Amino acid sequence: IGNGDLGAMAWTPPGNIFFQINKTNTWDDAPEGLFSPWEDSGNPEKSEQFTSLRSCGQLSINPGLPVMDWMYLNDFEGRLSLFDGQASWHARGPQGEVICRSFIAKDPSVMVVHYQDNLSEAVDRQVILARWGSRVFEHWYRFIRRDFLMGNDSTVSGCEGDETWIEQSTRSIRFAMAAKLVGTDAE
């Protein structure tokens, strides 16, 4: 789903509804100098300094029960409407029912997620806003660096009441994601 500037890939793994959020202008520019990726193929750390598009982050909604797990479904429907740019899901099974709709508005450029459920048990739900960095996988994934701090070293996060946010600074830009829960008693 998206509006041409802000976009999200959405899918439903067994335990939640998941959105990978990206924006067209979250480029991390390389330092001044000559671009020489092939000559530096022996130095995998240098590739993280290449100009690259960085991931903004993820939003996930976990209902607390495996309502989306295919093993426990009586009915499931997932739709993408290209006409209005909306994704929707409806899952029903012995653990309950989940209905979710999402779209990305143009002005202001925000993602809207409408989630409701009716579950068979009183469980805690989780809404998670996260960012775990980005990697540059140059040379067709020849090098994969697994350093957790890579891409996270200047991340700042916070929350207050029903709002949470993540700010990220790179060499050339600073961007943020924020989430606000509306219509629920959130802790």
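Residues numbered from 1 in each chain as written. Predicted model: local features only at pLDDT ≥ 70, side-chain atom pairs only at ≥ 80, totals over all residues. Heavy atoms only, no water.

Enquirer: Go over the overall build of the protein chain with me, naming the residues and quoting the values.
Expert: Scanning the protein chain from N- to C-terminus turns up one helix and 13 strands. N-terminal to C-terminal, the α/β element order of the protein chain is β-β-β-β-β-β-β-β-β-β-α-β-β-β. Across the 187 residues of the protein chain, 33% fall into the buried class. Look at the contacts in the protein chain between residues 6 or more apart in sequence, and 53% of them connect residues 24 or more apart. (Helix = DSSP H or I, 4+ residues; strand = E, 2+ residues; numbered from the N terminus. Buried < 20%, exposed > 50% of the residue type's maximum accessible area, 1.4 Å probe, protein only. Contact = heavy atoms within 4.5 Å.)

Enquirer: Could you give an account of the pattern of salt bridges, with specific residues and numbers?
Expert: Applying the stated criterion across every chain yields a total of eight salt bridges. The closest approach of N and O atoms between Lys23 and Asp5, which form a salt bridge, is 2.7 Å. Taken together, the positions of Lys23 in strand β2 (residues 17-23) and Asp5 in the segment before β1 (6-11) put the pair 18 residues apart, joining distant regions of the chain. Salt bridges sharing partners connect three or more residues here, namely Asp28, Arg54 and Arg171. (Salt bridge = Lys/Arg side-chain N within 4 Å of Asp/Glu carboxyl O.)

Enquirer: A description of the nonpolar core should follow, citing residues and the corresponding values.
Expert: Counting 21 residues, the largest nonpolar core has Ile17, Phe19, Ile21, Val67, Met68, Trp89 and Met177 as its most contacted members. Elements with a contribution of two residues or more to this core: β1, β2, β7 (86-93), β8 (96-104) and β13 (174-180). When neighbours within four sequence positions are excluded, Ile21 is seen to be in contact with Leu6, Gly7, Ala8, Ser55, Cys56, Gly57, Gln58, Leu59, Met111 and Met177. (Core = buried A, V, L, I, M, F, W, Y, C linked by side-chain atoms within 4.5 Å.)

Enquirer: Run through unusual backbone geometry, naming residues and quoting values.
Expert: Working note: non-glycine residues mostly have negative phi, and peptide bonds are mostly trans. With an omega dihedral of 5°, the bond running from Asp107 to Pro108 counts as a cis peptide bond. Relative to the elements of secondary structure, Pro108 occurs in the loop between β8 and β9 (111-119).

Enquirer: Explain the environment of Met111 residue by residue, including any values.
Expert: Relative to the elements of secondary structure, Met111 occurs in strand β9. Among the residues examined, Met111 registers a relative accessible area of 21% and is labelled partly exposed. Other than its neighbours up to four places away in sequence, Met111 contacts Ile1, Leu6, Ala8, Phe19, Ile21, Leu59, Ser102, Phe103 and Ile104.

Enquirer: Tell me what's going on with the side chain of Ser102, and back it up with residues and numbers.
Expert: On the secondary structure map, Ser102 appears in strand β8. Judged by its relative accessible area of 0%, Ser102 is buried. For Ser102, the side chain forms a polar contact with the main-chain oxygen of Val112, separated by 3.1 Å. Residues within four places of Ser102 in sequence aside, it is in contact with Ile1, Phe19, Gly85, Gln86, Ala87, Trp89, Met111, Val112 and Val113. (Polar contact = N/O pair within 3.5 Å; in protein donor to acceptor, adjacent residues only side chain to side chain.)

The values are spatial; any link to function lies outside them.
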